[in-house]
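Listed below are the residues making up each chain.
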Amino acid sequence: MTTGLWKLVLEGVWTTVQLLVLSALLATAVSFAVGIARTHRLRTVRFLAGFYTEVFRGTSALVMIFWVFFVLPVAFGWQLVPLWAGTLALGLTYGAYGAEIVRGALTAVDPAQREGGVALSFTPWQRLRLILLPQAVPEMIPSFCNLLVELLKGTALVSITGMGDLAFSGNLVRLALQESAHIYTYLLLIYFAIAFVITRLMRGLEKRLKAGIGKDPGTESAARELKRARTTGVGAAGGGVA
Amino acid sequence: MKWDWSAVREFMPHLWDGLLVTLQALVLGSLISFTLGLVWTLLMRTPTRFVRWPVGVVTEFVRNTPLLVQLFFLFYVLPEWGLTFSALTTGVFAIGLHYSTYTMQVYRAGIEAVPAGQWEAATALSLPVRRTWTVVILPQALRRVVPPLGNYVIAMLKDTPILMSITVLEMLGRARLFSQQHFQFTEPVTVIGVAFIVVSALASLLLRTLERRLVR
């Protein structure tokens, strides 16, 4: 590959990273807003949040991207810059998945903690901010890590609409070189490297957050692993791949 | 925003044709992912490190890279190697392979959830390895894996539109073709969006019934 083609690929990497960061931010905001709304005491709020989740989880991400890229401009007469259109479609879709993570973690907090807040006559907002979220957020991190990797893989979808991300520039290089195996192997390796960085960062974050509320991550699963190896005699096979 | 019902009516036959292809891809892809996933899981439990290590690396790699790029890889590289398949076959295989790395985790969790006493009992009865698996472990593990596997079937359904990019005319592919011919984007794309919601809602309903049957 020539330097010019490598430059094209690097530009694609940059677009993918931008898209990933922006849509991850939007998805996080949506997750928390919708996830918290699903535990709201008003039925209407819960219903609307649930409706949002069902619609965005029910349709395919690619259909949503198509809708934002092709239907929005025709139907409403305004068109977004591709980067923002991609961010919107991905952020809203993956936010719906994230909302379920937030809701699950919030409901998993020991009910006594919520009651404690009520007993101390905290306002709902104080309860959420001071009691529920600090305990729920560390529990969300592993699921959010998975979701972030899913989102990274989802960014490749926008290439179908002609946005110059990594997958798209890879395709251009393939057309230029007529040499598919190499370029796609490189692409897969680059995506894998980004995913690897994400998992490492999230693991570090989880460790810090859990230490912050006096929990030691890791020991629990390690103990379970040890016990299984001892009792079943099947070894710790299958371990290592998280 | 103008909504044209006649366009919807005109698109309907295309929708059915596309739905048929989508479901076909879904069923075959699921079958491949279920079988391959089980194969990966069992390989990961073999005592030799030389089997576990490569399987672990490959599946981890497949899980963490985009299905779209894998699809392109198979679609453009396999013919270079002299292996020519139809676009649908390639797509089904890509989906099956990609999701097998997910179902593998499901099987692993299911097998680990079988109580240790079951293994010990099999050892006490000195059952051979094969019988331990087929008679004791797998029947108990497979019951637990149905709900999570079902979730991945729905996830696969929502990934089938990707096949459009390698010329398979499933639902989204038909919608795109229709919109290009009729210059009407709003109706077909919205209609297939609704179709996806309906199909995935029906699928989850079906799964819940199946789960209830199995638990009993």
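For clarity, every value in this text was computed on a predicted model and none was experimentally measured.

Engineer: Whenever I open this one, the overall build of chain B confuses me. Can you help?
Structural biologist: Assigned secondary structure in chain B consists of eight helices and zero strands. Secondary structure elements of chain B occur, N-terminal to C-terminal, as α-α-α-α-α-α-α-α. Projecting the C-alpha coordinates of chain B onto the three principal axes gives extents of approximately 70 × 45 × 25 Å. Relative to its full complement of 216 residues, chain B shows a buried share of 49%. On chain B, roughly 10,900 Å² of surface is accessible, and the fraction owed to carbon and sulfur atoms is 68%. A distance of 13 Å separates the average location of the 18 positive side-chain charges in chain B from that of its 11 negative side-chain charges.

Engineer: I keep staring at the overall build of chain A and nothing clicks. Help me out?
Structural biologist: Counting its regular elements, chain A contains nine helices and zero strands. Going from N to C terminus, chain A has its helices and strands arranged as α-α-α-α-α-α-α-α-α. Put simply, of all contacts in chain A between residues at least 6 apart along the chain, 72% involve residues at least 24 apart. Accessible area for chain A stands at about 12,300 Å²; split by element, carbon and sulfur atoms hold 65% of it.

Engineer: Teacher, can you tell me more about the confidence of the model for chain B here?
Structural biologist: Parts of the model with low pLDDT should not have their predicted coordinates read in detail. Predicted confidence across chain B gives a mean pLDDT of 90, with 99% of residues reaching 70 or more. Summarising per-element confidence for chain B, the mean pLDDT is lowest in helix 8 (residues 186-215) of chain B (86) and highest in helix 4 (residues 87-112) of chain B (94).

Engineer: Would you take a moment to explain the side chain of B:His98 for this structure?
Structural biologist: Following the sequence through the fold, B:His98 ends up in helix 4. A residue is classified by how much of its surface remains accessible, and B:His98, at 3% relative accessible area, is buried. When sequence neighbours within four positions are dropped, the list of residues in contact with B:His98 reads A:Lys153, B:Val62, B:Arg63, B:Thr65, B:Pro66, B:Leu67 and B:Gln70.

Engineer: Explain the pattern of salt bridges to me, please; I cannot follow it from the model alone.
Structural biologist: Pairing is possible between side chains that carry opposite charge, provided their charged atoms lie close to one another. Counting across every chain of the model gives nine salt bridges over all chains. Here A:Glu206 ties to A:Lys210 by a salt bridge, and the two come within 3.2 Å at their closest N and O atoms. Taken together, the residues span about one helical turn, with A:Glu206 and A:Lys210 both in helix 8 (residues 180-212) at a distance of four residues. Both residues of the pair, A:Glu206 and A:Lys210, belong to the buried class. One salt bridge in this structure joins B:Glu112 and B:Arg108, with 3.7 Å as the shortest N-O distance. Of this pair, B:Glu112 and B:Arg108 both sit in helix 4, four residues apart, which is roughly one turn of that helix.

Engineer: Is there a simple way to think about the interface of chain A and chain B in this case?
Structural biologist: Facing 46 residues of chain A, the contacting portion of chain B comprises 44 residues. Summed over both partners, the interface of chain A with chain B buries about 4,000 Å², with 72% contributed by carbon and sulfur atoms. Between chain A and chain B we count zero salt bridges in total. On inspection of chain A and its partner chain B, the count reaches 10 residue pairs in polar contact (both at pLDDT 80 or more). Examining the composition of the side of chain A that touches chain B, we find that 10 residues originate from one element, helix 8 of chain A, more than from any other. Looking at the side of chain A that touches chain B residue by residue, the classes come out as 28 nonpolar, 12 polar and six charged.

Engineer: How do you make sense of a nonpolar patch on the surface when you look at a structure like this?
Structural biologist: Together, A:Met1, A:Trp6, A:Leu177, A:Tyr186 and A:Leu189 line one region of the surface with nonpolar side chains, adding up to about 430 Å² of accessible area. As for its position among the elements, A:Tyr186 is in helix 8.

Engineer: Explain the packing of aromatic side chains to me, please; I cannot follow it from the model alone.
Structural biologist: To describe a pair of aromatic rings, one takes the distance between the centres and the angle between the planes. Tallied over the entire structure, the rule returns 19 aromatic pairs over all chains. Ring centres of A:Tyr184 and B:Phe72 lie 6.1 Å apart, and the angle between their planes is 25 degrees; this geometry places the pair in the stacked category. Remark: B:Phe72 occurs in helix 3 (residues 67-80) and A:Tyr184 occurs in helix 8; the pair is interchain, linking two chains. In this structure, A:Tyr184 and B:Phe72 share a single accessibility class: buried.

Engineer: I tried to follow the packing of helix 1 (residues 3-37) of chain A against helix 7 (residues 166-177) of chain A on my own but got confused; where do I start?
Structural biologist: All names here are of chain A. Contact geometry of helix 1 with helix 7 gives a least axis separation of 7 Å together with a crossing angle of 165 degrees. The pairing of helix 1 with helix 7 is recorded here as roughly antiparallel in orientation. Between helix 1 and helix 7 lies a crossing of right-handed hand. Side by side, helix 1 and helix 7 meet where Leu5, Leu8, Val9, Gly12, Val13 and Thr16 of the first sit next to Leu166, Ser169, Leu172, Val173, Ala176 and Leu177 of the second. Split into classes, the residues belonging to the contact of helix 1 with helix 7 amount to nine nonpolar, three polar and no charged.

Cut-offs applied
- Residues numbered from 1 in each chain as written.
- Chains lettered and ligands numbered in written order.
- Predicted model: local features only at pLDDT ≥ 70, side-chain atom pairs only at ≥ 80, totals over all residues.
- Heavy atoms only, no water.
- Helix = DSSP H or I, 4+ residues; strand = E, 2+ residues; numbered from the N terminus.
- Buried < 20%, exposed > 50% of the residue type's maximum accessible area, 1.4 Å probe, protein only.
- Areas by Shrake-Rupley, 256 points an atom, 1.4 Å probe, with all protein chains shown as cover.
- Lys, Arg positive; Asp, Glu negative; His and termini not counted.
- Charge placed at Lys NZ, Arg CZ, Asp CG, Glu CD.
- Contact = heavy atoms within 4.5 Å.
- pLDDT = per-residue confidence, 0-100.
- Salt bridge = Lys/Arg side-chain N within 4 Å of Asp/Glu carboxyl O.
- Buried area = accessible area lost by both parts, 1.4 Å probe.
- Polar contact = N/O pair within 3.5 Å; in protein donor to acceptor, adjacent residues only side chain to side chain.
- Nonpolar A, V, L, I, M, F, W, Y, C, P; charged D, E, K, R; others polar.
- Patch = residues over 30% accessible without salt bridge, like charges linked within 9 Å, V, L, I, M, F, W, Y side chains within 5 Å.
- Phe/Tyr/Trp six-rings, centres within 6.5 Å; stacked < 30°, edge-to-face > 60°.
- Axes fitted to C-alpha atoms, helices over the stretch in contact; angles between N-to-C directions.
- Parallel < 35°, antiparallel > 145°, perpendicular 65-115°, else oblique.
- Left-handed = near helix turned anticlockwise from the far one by under 90°.

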